[in-house]
Amino acid sequence: MVMYMIVIALALIGGVSTLLVGLSQENKKANPNYERKTKTNLTKLLIIYLASLIAFIVIWMIFK
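Predicted model only: the values in this text are computed from it and were never measured.

**Observations concerning the overall build of the protein**
Move 1: Within the protein one finds three helices and zero strands.
Move 2: Listing every helix and strand of the protein by position from the N terminus yields α-α-α.
Move 3: What you see for the protein is a C-alpha radius of gyration of 15 Å, clearly larger than the 11 Å of a compact globule of 64 residues, by over 25%.
Move 4: Counting only C-alpha atoms, the protein reaches 45 × 20 × 10 Å along its principal axes.

In structure tokens form, the structure reads like this:
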């Protein structure tokens, strides 16, 4: 059970970190064109995080 919590916590931390980096002011200043694609980029990354998290949970449930 502890391993589930660790993986879920890491996935959540990764997702939140992705949002923070994508929405940061420094990122907008360094690359003004990035702002036009921010929503699309973040959506794709969050879908990848969610799909990975669900896949890990399903795999652990099967092999537990």
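**Describing the packing of aromatic side chains**
Move 1: Taken as a whole and judged by the stated rule, the model has one aromatic pair.
Move 2: Their ring planes at 35° and their centres at 6.2 Å tell us that Phe-56 and Trp-60 sit as a pair that is tilted. Of the two residues, Phe-56 and Trp-60 are both situated in helix α3 (residues 34-63); the distance of four residues between them amounts to about one turn of the helix.
Move 3: For Phe-56, a relative accessible area of 44% corresponds to the partly exposed category.
Move 4: Classification of Trp-60 by relative accessible area gives partly exposed; the value is 27%.

**Notes on the UniProt feature "transmembrane region" (unreviewed entry) in the protein**
Move 1: Within this numbering scheme, the UniProt entry marks residues 6-24 and 45-63 as carrying the feature "transmembrane region" (unreviewed entry).
Move 2: Taken end to end, residues 6-24 comprises 89% helix and 0% strand; its first and last C-alpha atoms sit 27 Å apart.
Move 3: Secondary structure within residues 45-63 divides into 100% helix and 0% strand; the distance between the first and last C-alpha atoms comes to 27 Å.

Conventions and cut-offs
- Residue positions are given per chain, counting from 1 as you read along its sequence in written order.
- Where local features are concerned, this predicted model is filtered to residues with pLDDT of at least 70; where side-chain atom pairs are given and counted, the filter is 80 or more; whole-chain, interface and lining totals use all residues.
- Side-chain numbers come from the whole structure's heavy atoms, not from hydrogens or water.
- Strands here mean DSSP runs of E at least two residues long; helices mean DSSP runs of H or I at least four residues long; both are numbered from the N terminus.
- Atoms counted for the radius of gyration: C-alpha only. Globule rule: 2.2 Å times the number of residues to the power 0.38.
- Ring pairs shown here join Phe, Tyr and Trp side chains whose ring centres sit within 6.5 Å, with only the six-membered ring taken for Trp; geometry is labelled stacked below 30 degrees between planes, edge-to-face above 60, and tilted in between.
- Categorising residues by exposure relies on relative accessible area from a 1.4 Å probe, with only protein chains included: less than 20% of the type maximum marks a residue as buried, more than 50% marks it as exposed, and the intermediate range marks it as partly exposed.
- UniProt positions are given in the numbering used here, feature names are shortened, and annotations may be inferred rather than shown by experiment.

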